[in-house]
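The chain contents come next:
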Amino acid sequence: MSHAVPADQKWWSGGKSPFNVEYGKVMMWYFLMSDAFTFGAFLISYGTIRFASNGWPDPNEVFQSFPGLGSGLPLAFVSLMTFILIISSVTMVLAVQAGHAMDKKAVVRNLIWTIIGGIAFLSCQAWEWTHLYHEGAWWGSNPFTNMDGTKASTNFTNFFFTITGFHGFHVFSGVIINIIMLIMTLNNVFERKGHYLMIEKAGLYWHFVDLVWVFVFTCFYLI
Amino acid sequence: MSHEASLHREVVTTHEVHHDEHHGHHHQETFITKYVFSQDHKMIAKQFLITGIIWAIIGGLFSVLFRLQLGYPDQSFPILEDILGSKWAAGGKIQPEFYYALVTMHGTVLVFFVLTAGLSGTFANLLIPLQVGARDMASPLMNMLSYWFFFIASIVMIASLFVQTGPASGGWTAYPPLSALGDASEGSKTGMDLWLVAMALFVVSQLLAGLNYISTILNLRTKGMAMTRLPLTIWALFFTAVLGVLSFPVLFSGFILLLFDRHAGTSFYLSDIFLASTQKALPNEGGSAILYQHLFWFLGHPEVYIILLPAMGMVSEILTTNARKPIFGYMAMVGSMFAIAILAFLVWAHHMFVTGMNPFLGSVFVLLTLLIAVPSAIKVFNWLTTLWRGNLRFTPGMLFAIGFVSFFISGGLTGIFVGNSTIDIHLHDTMFVIAHFHIVMGVASFFGMFAGVYHWFPKMYGRYMNNTLAYIHFWITLIGAYLIFWPMHYEGLAGMPRRYLDVSGWVSFNQFSGLNRFISIVSIIVFAVQLLFVFNFFYSIFKGRRVRTQNPWGSNTLEWTTPINPGHGNWEGEIPEVHRWAYDYGKDGRDFIPQTEPVGKNESSH
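Residues numbered from 1 in each chain as written. Chains lettered and ligands numbered in written order. Predicted model: local features only at pLDDT ≥ 70, side-chain atom pairs only at ≥ 80, totals over all residues.

Q: Which parts of the structure should I look at to understand the overall build of chain B?
A: Across its full length, chain B carries 18 helices and four strands. In terms of C-alpha radius of gyration, chain B reaches 25 Å, essentially the compact-globule figure of 25 Å for 606 residues. Dimensions of chain B, computed from C-alpha atoms along their principal axes, come out at roughly 80 × 60 × 55 Å. Sorting the 606 residues of chain B into buried and exposed places 54% on the buried side. Counting only contacts in chain B whose residues sit at least 6 apart along the sequence, the fraction spanning at least 24 positions is 80%. (Helix = DSSP H or I, 4+ residues; strand = E, 2+ residues; numbered from the N terminus. Rg over C-alpha atoms; globule rule 2.2 N^0.38 Å. Buried ≥ 20, exposed ≤ 12 C-beta atoms within 10 Å, placed from the backbone. Contact = placed C-beta atoms within 7 Å.)

Now the structure itself:
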C-alpha cells in the first residue's frame, strides 16, 4: 500500500491519528465490532438452543414459496433477496469509489441504486414475513414440524423473526443513512468539504449489514 | 491507489482542523448551553458525577433499609410504615416483596448507575481530553447525548420505584424464569419492563460514551503524547471503554430476548414451567434459562473490570503523585491491565459453577479465573513498590488510594476461594460472596472514586474540599467497611445464604443474630458519613478554599498546565507538546518534571 506520507513518520507518537483516519472512522469500526457482538450473541443463542433441541424444521420445506410462482421452489426467493443485497453492496462500493474521485454524479447514481437495493430487500422481507404469517408462523407459534415429522418447539420461528427482524431493522437504518447521504451529496455538502468521507463511513455500515446477512442466511436457510 | 493517496494526504491534517473548530465555542454561551446541554467534556463529567452522587445516596439508602430488616428481623419500625406506606412496610416491618425490590435495586443502581456511569462517566470525561492534550472529546455532541441517554435511563429507573406493583425484584441479575413471567411475582410485572427499558437506554449511553473515549484516546493525543507516554489513568479508561463497547451489546441481545419472552409468547429462556401462583402449566417449551445466564455474565464479568479499571488507573496516578516517586513498572502496569481486559472476557462462567455445568468446563473456567491473580498481583506489587520509601503526602486523595490497594488485596484474596469451583459449590449464594465482591469491587472502586474526586476536585471547581471532613470520611469509611464486610465471610463460611429476608428460622444461624445487628449499625454509621462527604462536596463547590496555583499537587500530567478554571477548549493558545512520560518524580534531584518539559541534554533516561 502506498502512503503519501514519509515512510519514517511515527504514527503512534501523538499529534495525528495512528491509523491515518479521522476519528469518525475509528468510531465506526468500533461500533461495528460492538454490533458484531450483538449479532454474535443472537446467533450463538440460536445455535445453543437449536443444538439442545431434539429436532428442527427443514428450511427447504419452510422457505419454498415465490411470489407469483407458488410453492415448490426451495430457497429460490431468499436467494433473490441475498442477490439483491449483495448487488447493493457493489453499488455502495461504486459510490465510495466515485466519492474518492470527487465524481458527484456517479456518487448520486450509485447511492440511488444502493437505496433501491435496500428498499427492495426490505420489501422482499416484508413479503416473506407476511407469507409465513399467513401460514401460521409468528413469535410464539410454529406451524412447521421437525425434519423427522415430530412436533417442533416454537423456537424456530421465535429466533427466525427476532434475528431477521433485528437485521431488517439494521437494513432499514442503513437505507435511512444512505438517503441522508444522498441529500447531503445533492446539497453539495461533500463538495464543499472537499471529501466524501461520510459516504465511506456509511459504506462501512452498509457492508457490515450485508456481511451479517451472510451469517443470518447461512444459519437460518442453509444449515 | 491514487484515491488512497489523496485520502491519506487529506486526513493527516483533519484533526488539527477539528481542534480549531472547538476553540471558538466558548464565547456565546447561555445558561442552557453551559450547564444543561453542555458539550464541554468537563461539564459533562460534573453532570455524570452529580447524577452518580444522587444515585449513590438512593442506592445506599436501600441498603440501610434492608440492613434494618437483616439486623432486626423480629422488630418493627412504625416510622417505615409512615414513610413507605402500608403496602411495603405494613406494621413497620419491611414486606418480603419490598425487601427483594430493595436488594435488586441496590445492586442495579450501585453497579450500573453509580460505579459505571458515575465513575467512568465522570473521570473518562474529565481526564481523557485533559490528560491526552485535546480540546474536547472527538465528538462533543455524542458525548452530550451519552449523558442524556443516561439521564433518561435514570428517570425510567426512578419511575419504576413508584409503579403500583413496585420495581424489579428478581435480583440485579434479572434471571429468568422469574424475570420473564409477570405472574411469578409483583416485581416481575411493570417494574421489570421499566428496568429493562432503563437498562437498554443505559447500554446506548455506554456505547456512545465508549466510542468517544476510544477514538479520543487513539486520535486526539497531542504532539509527542505517544501511547507509552500516556498516564495510566488513560490506559485504564481505554481498556474500560473497549470492555464496555464489546460486552454491553451482548447484554443488550439478552435483554431483547427477555423482552420477547415477556411479551411475545416466545420461549427463549422458558421451558417446562408450572406456575404456583396461578396453578397453571405454561406451554413454553425448548428454551434455556441457563442461556440467559451466559449472556448476562458475558457482560457481567467484564462489568467488574469496567468498574475496577478506572479506579486502578486513578489510584496509580494519585499514588505516584503523592509518593513523589515514579510509578513502579509502568509497562507492567499497562501489560497487566491488557491481560485483565482479555481475561475479563474468558471467565464469565465462574458465576455459574452450580448451574449444572460440565465439571470439565468448570475446571477450564477455574484455571482462567485464577490466571487473573497474576496481573492483579503484578499491579498490587507495583503499587506497593511505588509507595516503598516514597516521600508520602497523606492528602485525602492519597489516603483513599491507599485504602483502595488495601481493599483490592483483601477482596482479591477471597476471590481465589470463590474462583475454585469445588469451594464455590459450598460458598455460592452465601454471605461470603457478598463480602468478596463488595470489598473487591464495590468498596475498592468507591475508594478509587473518592480518591479521584478529592484529587481532581481542584481541577473541576477551582477550589479544594475540606480536609478535616475528608479525613473523618476516610477513617470511618475504611474502618466501617471492614467491620461491615469482614464478618460476612464467617457467616458465609457457615452457610448463611444471601438474599434471604430472615434467617432467624434456622437454629444454625442464630449465633449470628448479634453479628447481624452489629453489621447493620455500622452500615448506618458509614452511610451517615457518606452524607458528610456529600455535604463537603457541595459546600466546597461554592465555599471551598480557592486554588491559587496552577499545579497544586506538583503533578506532571497535562491537566495541570491548563488555567485554574479552564474554559471550553481547555488551553488558551496552543495545546502544549509532550516530551516525556508522566512519571518523572524525584528525578535528577528535581521534585517533579512536567510532561511538557523537553528532555535536557544531560538528563538520565528513565
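Q: Would you take a moment to explain the overall build of chain A for this structure?
A: Counting secondary structure elements, chain A contains seven helices and zero strands. Each helix and strand of chain A, ordered N terminal to C terminal, gives the series α-α-α-α-α-α-α. Taken over the C-alpha atoms alone, chain A extends approximately 65 × 40 × 25 Å along its principal axes. Per-residue burial for chain A yields a buried fraction of 36% across its 223 residues. A separation of at least 24 residues holds for 68% of the contacts in chain A among residues at least 6 apart in sequence.

Q: Looking at this model, I keep getting lost on the environment of Asn536 of chain B. Mind explaining?
A: Residue and element names in this part refer to chain B. Along the chain, Asn536 turns up in helix H18 (residues 513–543). Under the C-beta neighbour-count criterion, Asn536 is labelled buried, with 23 such atoms within 10 Å. Asn536 sits 69 residues away from Asn467 along the chain, and the two C-alpha atoms are 9.2 Å apart. Sequence-distant contacts of Asn536, that is, excluding residues within four places in its chain, are made with Met465, Asn466, Leu469 and Ala470.

Q: How should the nonpolar core be read in this particular structure?
A: The nonpolar side chains of a soluble globular protein tend to be buried, and buried together. Judged by nonpolar contacts, the single largest core of 231 residues is most densely connected at Ile214, Leu237, Phe238, Val315, Phe404, Ala444 and Ala451 of chain B. By residue number, the principal contributor to this core is helix H6 (residues 96–132) of chain B, which donates 23 residues. (Core = buried A, V, L, I, M, F, W, Y, C linked by C-beta atoms within 7 Å.)

Q: Got a minute to help me understand the interface of chain A and chain B in this structure?
A: How big an interface is tends to be reported as the loss of accessible area on association of its parts. Counting residues at the interface gives 42 residues for chain A and 48 residues for chain B. Elements represented by at least two residues in the side of chain A that touches chain B include exactly helix H1 (23–52) and helix H5 (155–186) of chain A. Residue composition of the side of chain A that touches chain B, grouped by class: 19 nonpolar, 20 polar and three charged. (Nonpolar A, V, L, I, M, F, W, Y, C, P; charged D, E, K, R; others polar.)

Q: Got a minute to help me understand H6 of chain B in this structure?
A: Residues spaced three or four apart along an α-helix face the same direction, because each turn holds 3.6 residues. For H6 of chain B, built from 37 residues, the straight-helix expectation of 54 Å at 1.5 Å per residue is met to within 8% by its first-to-last C-alpha distance of 50 Å. Downstream of H6 of chain B by a residue or two, Gly133 of chain B has a phi angle that is positive, lying close to 85 degrees. (Expected span 1.5 Å × (residues − 1).)

Q: Looking at this structure, I do not really get unusual backbone geometry. What am I missing?
A: The phi torsion of most residues other than glycine is negative, and most of the peptide bonds are trans. All names here are of chain B. Residue Pro177 is reached from Pro176 by a cis peptide bond, and omega for that bond is 5 degrees. Structurally, Pro177 can be placed in the loop between helix H7 (140–160) and helix H8 (190–219). A positive phi is found at Gln279, a non-glycine position, where the angle reads about 55 degrees. Its location among the elements puts Gln279 in the loop between strand E1 (274–275) and strand E2 (280–281). For Asp429, which is not glycine, the phi dihedral falls at a positive 60 degrees.

Q: Would you mind showing me how to read the environment of Leu182 of chain A here?
A: Residues and elements named next belong to chain A. For Leu182, the position within the fold is in helix H5. In the structure, Leu182 is positioned 107 residues away from Leu75 in sequence and 33 Å away in space, judged by C-alpha atoms. Other than its neighbours up to four places away in sequence, Leu182 contacts Val108, Leu111, Ile112 and Ile115.

Q: What is the right way to read the packing of H6 of chain B against helix H10 (residues 289–323) of chain B from this model?
A: The packing of two helices is summarised by the inter-axis angle and the distance between the axes. Residues and elements named next belong to chain B. Between H6 and H10, the least distance of the axes is 10 Å, while the angle of their chain directions is 40 degrees. Considering only the axes of H6 and H10, their crossing is left-handed. Contacts between H6 and H10 involve Val111, Leu115, Thr116, Leu119, Ser120, Phe123 and Ala124 on the former and, on the latter, Glu303, Ile306, Ile307, Pro310, Ala311 and Met314. Its residues assigned to classes, the contact of H6 with H10 comprises ten nonpolar, two polar and one charged. (Axes fitted to C-alpha atoms, helices over the stretch in contact; angles between N-to-C directions. Left-handed = near helix turned anticlockwise from the far one by under 90°.)

Q: Would you mind going over the confidence of the model for chain B with me for this structure?
A: As a note on interpretation, predicted positions should not be read in detail where pLDDT is low. All names here are of chain B. Across chain B, pLDDT averages 93, with 95% of residues at or above 70. In the predicted structure, residues 1–26 sits below a pLDDT of 50 and forms 38 contacts with residues beyond four places in sequence or in another chain. Across the assembled chains, the prediction reports ipTM 0.94 with pTM 0.94. (pLDDT = per-residue confidence, 0-100.)

Q: In this structure, what is going on with the environment of Arg389 of chain B? I would like to understand it.
A: Here Arg389 of chain B lies in the loop between helix H13 (373–387) and helix H14 (396–419). Counting along the chain gives 66 residues from Arg389 of chain B to Ala323 of chain B, while the straight-line C-alpha distance between them is 8.4 Å.

Q: I tried to follow helix H9 (residues 232–263) of chain B on my own but got confused; where do I start?
A: All names here are of chain B. Counted at 1.5 Å a residue, the expected span for H9 with its 32 residues is 46 Å, and the 46 Å between its end C-alpha atoms agrees. Taking burial as the measure, the 32 residues of H9 include 30 buried ones, the bulk of the element. Two residues or fewer after H9 comes Gly265, characterised by a positive phi angle close to 75 degrees.

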